[in-house]
Amino acid sequence: MTDLTKLTLAGARDKLRAGDVTSVELTEAFLTAIDKADALNAFVHKTPELALERAKAADARIQAGDAPDMCGLPIGIKDLFCTKGVPSQAASRILEGFTPEYESTVSQKLEDAGAVMLGKLNMDEFAMGSSNETSVYGNAINPWRRGNDDADLTPGGSSGGSAAAVAADLCLAATGTDTGGSIRQPAAFTGITGIKPTYGRCSRWGVVAFASSLDQAGPMTKDVRDAAIMLEAMCGHDAKDSTSSELAVPNFEAMLTGDIKGKKIGIPKEYRMDGMPAEIEKLWAEGTEMLKAAGAEIVDISLPHTKYALPAYYVIAPAEASSNLARYDGVRYGHRATLGAGDGITEMYEKTRAEGFGHEVQRRVMVGTYVLSAGFYDAYYNRARRVRTLIKQDFENVFAQGIDAILTPATPSAAFGVGEMTDADPIQMYLNDVFTVTVNLAGLPGVSVPTGLNDQGLPLGLQLIGRPWEEGDLLNTAYALEQAAGFVAKPAQWW
Amino acid sequence: MSIDESTAAKVAKLARIKVEEDALPALAQEFNAVLGFIEQLNEVDVEGVEPMVSVTPMRLKRREDVVTDGDQQEKVLSNAPDAREGFFTVPKVVD
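Residues numbered from 1 in each chain as written. Chains lettered and ligands numbered in written order. Predicted model: local features only at pLDDT ≥ 70, side-chain atom pairs only at ≥ 80, totals over all residues.

- Per an unreviewed UniProt entry, the recorded name for chain B is Aspartyl/glutamyl-tRNA(Asn/Gln) amidotransferase subunit C, and the organism is Shimia haliotis.
- For the record of chain B, the UniProt heading Subunit (unreviewed entry) holds the text "Heterotrimer of A, B and C subunits."
- Looking at chain B in UniProt, the text filed under Sequence similarities (unreviewed entry) is "Belongs to the GatC family." (UniProt positions renumbered as here; feature names shortened; annotations may be inferred.)

- For chain A, an unreviewed UniProt entry supplies the name Glutamyl-tRNA(Gln) amidotransferase subunit A and the organism Shimia haliotis.
- Per its UniProt entry, chain A bears the Subunit (unreviewed entry) comment "Heterotrimer of A, B and C subunits."
- You can read under Catalytic activity (unreviewed entry) in the UniProt record for chain A the words "L-glutamyl-tRNA(Gln) + L-glutamine + ATP + H2O = L-glutaminyl-tRNA(Gln) + L-glutamate + ADP + phosphate + H(+)".

Here you go:
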């Protein structure tokens, strides 16, 4: 009997439909795998009873013959998504004990499609981080290691638990969210595929807000086909999110032909950063050659404002976060500090937020407060929004020249060790998102595809950036890259 | 533009986050590192460029101003750290 946990979404779907396996069997296999993998700290709230209940319902539905693609498929949900009756904490102490009375639109859509939630996944607190080291649950650990070195590596972040769980076969796929690279960077660090769709494709309703003009949900999967299947199930208009698009959602899987002949792939010169590791340069050059060999035309392009994307992001995202996180006041949900005699409501707010927010979250809320404060709003916030307009125009210009997709590295390095960045100044950590953050600022779809290993045996990924709303075409290019790269490596099981 | 301890204290106050006196120097230093990084934006010529309002060219939708939801007092209060008699409870605000 094959190991059920090694299946892809597509493979499991086909086996379920053929009657070779039941959703209950699949779910039990994953629940067993999850219980053996506590060392990875990926699943932080396990929901085995709920999972088995949904698996039974899915089996009945499959038997009845009206099953959608995701029906019966066990997945993990990032802790940022509100899930009814299941703790949803955004990995923060300030939401300790919060059990939503409602379900996020994206997780509801997945549930409606018959997907089986195995539990909630670790992440950086409020999705602020690139290493899953700011979580109240403790670090999530990357299943990959450097050769025979048993030092723990980070799975990246903020969707670090999602990435670790998918890479370690603890679920068939997982939801992630991406504000500056939080799906694509951890996907690259763990050898899996992750797509952030166009801003507005997935409803943000019920997803704990970080920076509302940048946040998008997306799937993290074992391959590109699975990303297409799961993305379709997550997308679609939602009246409860005023920025949700009314555009029809295509059948993304049907668009995976692997034929990219004549497609124009842009290679942006500004992404060739000073001090880029040779292994990343090599990976990028190899990926370029693969797409060329598949019949694409390679075009050198310029995105002149790239350098300013990260500084603009570190104005806009904290500004929006400071506003969004104002709701955590110890009144309506979550943690409230114990008050001293004579403490009034202001002390309650201040103590609650000091106890409830971790260091990185506090820092970002305060930076956001500063850039929005009287006298600095124009100099920082409005200037950053102007630069954001220029960054978006850079992309519009190259797309107007006929570029179909842009190929870049996904990350500036392979996964780094737990604690390695602790003493670095915060900017060093922020640089992890240097290749991904432009895509959020411009609202575009971006996908990370694993294409190689470095000489320590760690996975590396490339990013493809697409035109707005053309996730189908983008996924097809990613599919061609995936087929050419033939990445099949898996981490050796040590947990 | 450099942030001193008193500015750091003011920002913490505005953000409603209690920061102990002895933590202010380190906080001010962190602010300065982040703001130093942000300063790069001053190199960009933004003359005549509109600040971005919406990343996708769509108008925010409008709807009739009518009640669409409600009557869920119990659910609304179910996660409150302190709720009494159908209300959120907070320390005394007015003497």
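Past the structure itself, the notes keep going.
**Points about the overall build of chain A**
Piece 1. Looking only at helices and strands, chain A features 15 helices and 11 strands.
Piece 2. Whereas a compact globule of 495 residues would reach a radius of gyration of roughly 23 Å, chain A reaches 21 Å, a difference of no more than 12%.
Piece 3. Dimensions of chain A, computed from C-alpha atoms along their principal axes, come out at roughly 70 × 55 × 50 Å.
Piece 4. Burial analysis of chain A (495 residues in total) assigns 62% to the buried set.
Piece 5. Of the contacts made within chain A by residues no fewer than 6 positions apart, 77% connect residues no fewer than 24 positions apart. (Helix = DSSP H or I, 4+ residues; strand = E, 2+ residues; numbered from the N terminus. Rg over C-alpha atoms; globule rule 2.2 N^0.38 Å. Buried ≥ 20, exposed ≤ 12 C-beta atoms within 10 Å, placed from the backbone. Contact = placed C-beta atoms within 7 Å.)

**Quick notes on the overall build of chain B**
Piece 1. Across its full length, chain B holds three helices and two strands.
Piece 2. Here the C-alpha radius of gyration of chain B, 22 Å, is well above what a compact globule of 95 residues would show, namely 12 Å.
Piece 3. The principal-axis extent of the C-alpha atoms belonging to chain B is close to 55 × 45 × 25 Å.
Piece 4. Here chain B holds 95 residues, and the buried ones make up 15% of them.

**With respect to the sheet that holds strand E11 (residues 459-466) of chain A**
All names here are of chain A.
Piece 1. Strand order in this open sheet of 11 strands is E1-E3-E2-E4-E6-E5-E10-E11-E9-E7-E8, and the pairing throughout is mixed. Each having just a single partner strand, strand E1 (43-46) and strand E8 (297-301) make up the two edges of the open sheet. In this sheet, adjacent strand axes meet at a mean angle of 30° when their direction is disregarded.
Piece 2. Note that E1 and strand E3 (residues 116-121) share three bridges and pair antiparallel. Considered in E3, the bridge of Phe43 is made with Leu121. (Pairing = 2+ DSSP bridges. Axes fitted to C-alpha atoms, helices over the stretch in contact; angles between N-to-C directions.)

**What to know about the interface of chain A and chain B**
Piece 1. Tallying the contact residues gives 55 residues for chain A and 35 residues for chain B.
Piece 2. Elements with a contribution of two residues or more to the side of chain A that touches chain B: helix H9 (309-324), helix H10 (345-356), helix H11 (359-372), helix H12 (377-400) and helix H13 (426-430) of chain A.
Piece 3. Element by element, the count of residues in the side of chain A that touches chain B is highest for H12(A), at 11 residues.
Piece 4. Among the residues forming the side of chain A that touches chain B, the class breakdown is 27 nonpolar, 14 polar and 14 charged. (Nonpolar A, V, L, I, M, F, W, Y, C, P; charged D, E, K, R; others polar.)

**Regarding the UniProt feature "domain: Amidase" (unreviewed entry) in chain A**
Piece 1. This chain's UniProt record puts "domain: Amidase" (unreviewed entry) on residues 25-475 of chain A.
Piece 2. As annotated, residues 25-475 of chain A has a helix share of 35% and a strand share of 14%, and its two end C-alpha atoms lie 31 Å apart.

**A short note on the nonpolar core**
Residue and element names in this part refer to chain A.
Piece 1. Grouped together as the largest cluster of nonpolar side chains are 166 residues, with contacts concentrated most on Ile75, Leu464 and Leu475.
Piece 2. The element contributing the most residues to this core is H9, with 10 residues.
Piece 3. Setting aside its immediate chain neighbours within four residues, Leu475 contacts Ile195, Val224, Ala227, Ala228, Phe252, Met255, Leu256 and Val447. (Core = buried A, V, L, I, M, F, W, Y, C linked by C-beta atoms within 7 Å.)

**A word on the confidence of the model for chain B**
Piece 1. The pLDDT averaged across chain B works out to 92; a share of 99% of its residues lies at or above 70.
Piece 2. Interface confidence for the predicted complex, given as ipTM, is 0.95, next to a pTM of 0.97. (pLDDT = per-residue confidence, 0-100.)

**A look at the UniProt feature "active site" (unreviewed entry) in chain A**
All names here are of chain A.
Piece 1. Under the present numbering, the feature "active site" (unreviewed entry) in UniProt falls on Lys78, Ser158 and Ser182. In summary, the annotated positions, though distributed over 105 residues, converge in three dimensions, the widest C-alpha pair being only 11.3 Å.
Piece 2. Note on placement: Lys78 falls in strand E2 (residues 74-78).
Piece 3. In contact with Lys78, other than residues within four places in its own chain, are Leu121, Met123, Ser159, Ser162, Ala174, Thr175, Gly176 and Thr177.
Piece 4. Locating Ser182 in the fold gives a position in the loop between strand E4 (173-178) and helix H6 (184-190).
Piece 5. Accessibility expressed as a C-beta count within 10 Å gives 37 for Ser182, which makes it buried.
Piece 6. Setting aside its immediate chain neighbours within four residues, Ser182 contacts Ala127, Gly157, Ser158, Ser159, Gly176 and Thr177.

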